[in-house]
Amino acid sequence: VKMSDEAGKRKAETELNGGEAKKKSSAFDEFTGVFDGLVQDLLDMLPKELPEESVAYIKKMCHYTCYGGKMTRGITVGSTYMDVAKSRGEEASDKALFVSKVIGWCIEWLQACFLVLDDIMDESQTRRGQPCWYKLPEVKKMAINDGLILESCIFLLLKKHVKPYSVDLYHNCVELFREVSFQTELGQLLDMTTESPEGRLDFSRFTIERYKLIVKYKTAFYSFYLPVAAGLYLAGLTGEKDLDLTKEITIAMGEYFQIQDDFLDCYGDPETIGKIGTDIQDKKCSWLCVQALMKCNEEQRKIMDENYGQHDDAKVAKIKNLYNELDLKNAFEVYEEESHQEIKKMIERVDGIPKSVFASLLAKIYKRSK
């Protein structure tokens, strides 16, 4: 079987980064191992009269936008399912593990859809160390339609692989993906409308309440609740009580994760996090900005008003100096410890689900540097 160019390139990268690849568990390799087959499934489901160039375009789009990053969301579906199976003393079947990878990849396809559209709205330049999809000369505004195609791929894959396995699981997954997509779109709306309608910086909108609302809807539901809930559904845990507690814990984790992200945007090492942070220039309602507004005096507020949200290195430096003056690094460290302890207490309350489902996820993000 001839290996596709993309698969060959990825194999070469894996061999090149031998040490790093070995550190990534076999769960990563097993998860990524089904990707090319799923792309082929999608291409096989396209109308036969579609020109070859359209098929090649969709193939390239899937490889370019879906594959990459840590893939924690996708892998979490399988690890959640396996934790539940293990707690029951059951052996996870190969079929169920394959279905967990399909659902996991559907989450990665959803993530790709969000990122493609988000990059257009934010006018971003790079994503995962390469030009954003819409920045490619052969793509441009077509990326808007591509985002919709990426979303449709989710439901084609669920129908092909999940429905024959279990109709109930299929219906639960379709509802879950629809619900979480809508929640994330509301989060994007909240994020995009933090500025005043005229596009002016309006710090009266930068409240901790609004910040938490943005994070809950834009990040927590699809990054944490969706993969865990999908894994529980696969394991047959569909009780309201279990899912309500799952929602509570995963939303707390999502908030913690996003605040880490905001901190790393300013204080993280660009080499480690893979991007140069631009939250200050982009007028983002970030945790650091909200904290600064809560702690600053009149003189310091003037510095915020005059320098925040501008693409000017000197002004960005003034904001960073102010953050240091307000000791926000220490404020973050205090928050990180408190939040970590709170989430651990929530996990202690878990009864019908193995605690390891949440504990392992928390361990992955605690004190992360990227």
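Predicted model only: the values in this text are computed from it and were never measured.

J.: Looking at this structure, I do not really get the overall build of the protein chain. What am I missing?
T.: The secondary structure content of the protein chain amounts to 17 helices and 2 strands. Relative to the globule expectation of 21 Å for 370 residues, the C-alpha radius of gyration of the protein chain, 21 Å, shows essentially globular dimensions. Looking at the 370 residues of the protein chain, the share that counts as buried comes to 49%. When the accessible surface of the protein chain is totalled, it reaches about 18900 Å², and 52% of it is carbon and sulfur. Distance between charge centroids for the protein chain: 2 Å, based on 51 positive and 61 negative side chains.

J.: Explain unusual backbone geometry here, please?
T.: A positive phi angle is found at lysine 283, which is not glycine, with a value near 60°. With respect to the helices and strands, the residue lysine 283 is situated in the loop between helix H12 (270-273) and helix H13 (287-295). By relative accessible area, lysine 283 is classed as partly exposed at 25%. Within the chain, aspartate 327 stands out as a residue other than glycine whose phi angle is a positive 55°. On the secondary structure map, aspartate 327 appears in the loop between helix H15 (313-325) and helix H16 (328-348).

J.: Honestly, empty space enclosed by the protein in this entry has me stumped. Any pointers?
T.: If a probe the size of a water molecule is rolled over the atoms, the empty space left behind becomes visible. Counted according to the given criterion, the structure contains 2 cavities of 30 Å³ or more. Considering only enclosed or pocket space, the largest cavity measures out at about 140 Å³ in volume. Within the residue set of the lining of the largest cavity, elements represented by two or more residues are helix H5 (52-66), helix H7 (94-122) and strand E2 (130-131). A per-element tally of the lining of the largest cavity places H7 first, with 4 residues. Size it by volume and the second largest cavity reaches roughly 40 Å³. If you go around the second largest cavity, the residues you meet are Thr76, Ser79, Thr80, Asp83, Val357, Ser360, Leu361 and Lys364.

J.: What is the right way to look at the packing of aromatic side chains in this model?
T.: All told, the structure shown has 19 aromatic pairs when counted by the stated rule. Plain terms: the ring middles of phenylalanine 263 and phenylalanine 332 are 4.0 Å apart, the flat faces sit at 10° to each other, and that makes the pair stacked. Placement of the pair is phenylalanine 263 in helix H11 (residues 240-267) and phenylalanine 332 in helix H16, with a sequence separation of 69 residues. Taking relative accessible area as the criterion, phenylalanine 263 reaches 10% and is therefore assigned buried. Judged by centre distance (6.2 Å) and plane angle (75°), the ring pair of tryptophan 287 and phenylalanine 332 falls under edge-to-face. Of this pair, tryptophan 287 sits in helix H13 while phenylalanine 332 sits in helix H16, placing them 45 residues apart in sequence.

J.: Got a minute to help me understand the nonpolar core in this structure?
T.: Generally speaking, a soluble globular protein has its nonpolar side chains buried in company with each other. Counting residues in each nonpolar core, the largest one holds 113 residues, and the members touching the most others are Ile103, Trp109, Leu158, Phe177, Met253 and Tyr323. Beyond its immediate chain neighbours, meaning those up to four positions away, methionine 253 contacts Phe224, Ile343, Ile347, Phe358, Leu361, Leu362 and Ile365.

Thresholds applied
Positions within a chain are numbered from 1, following the residues in the order the chain's sequence is written. In keeping with the predicted nature of the model, local features appear solely for residues at pLDDT of at least 70, side-chain atom pairs appear and are counted solely at 80 or more, and the whole-chain, interface and lining totals rest on all residues. The basis for every side-chain value is the complete set of heavy atoms in the structure, and neither hydrogens nor water enter the calculation. A run of DSSP states H or I qualifies as a helix once it reaches four residues; a run of E qualifies as a strand once it reaches two. Both are numbered from the N-terminal end. Throughout, radius of gyration means the C-alpha value; the globule benchmark is 2.2 Å times the number of residues raised to the power 0.38. Partly exposed residues are those whose accessible area sits between 20% and 50% of the maximum for their type, while under 20% is buried and over 50% is exposed, using a 1.4 Å probe and protein chains only. All accessibility values rest on the Shrake-Rupley procedure with a 1.4 Å probe; residue burial counts only the protein chains present in the view. Only four residue types enter the tally: Lys and Arg on the positive side, Asp and Glu on the negative side; His and the chain ends are excluded. Charge placement uses NZ in Lys and CZ in Arg. For Asp and Glu, CG and CD serve respectively. Every definition here rests on a 1 Å grid over the protein atoms only: cavities are sets of points where a 1.4 Å probe fits but cannot get out, pockets are open sets enclosed by protein on both sides within 12 Å along at least five of seven lines, and lining residues have some atom within 4 Å of a point. Grid points are joined across faces, edges and corners, and a volume is the space filled by probe spheres set on the points. Working definition: rings of Phe, Tyr and Trp (its six-membered ring) pair if their centres are within 6.5 Å, and the pair is stacked with planes under 30 degrees apart, edge-to-face with planes over 60 apart, and tilted otherwise. Here, nonpolar core means buried Ala, Val, Leu, Ile, Met, Phe, Trp, Tyr and Cys residues that are tied together by side-chain atoms lying within 4.5 Å of each other. It only takes one pair of heavy atoms within 4.5 Å for two residues to be counted as in contact.

What is shown is where atoms sit, not what they do.
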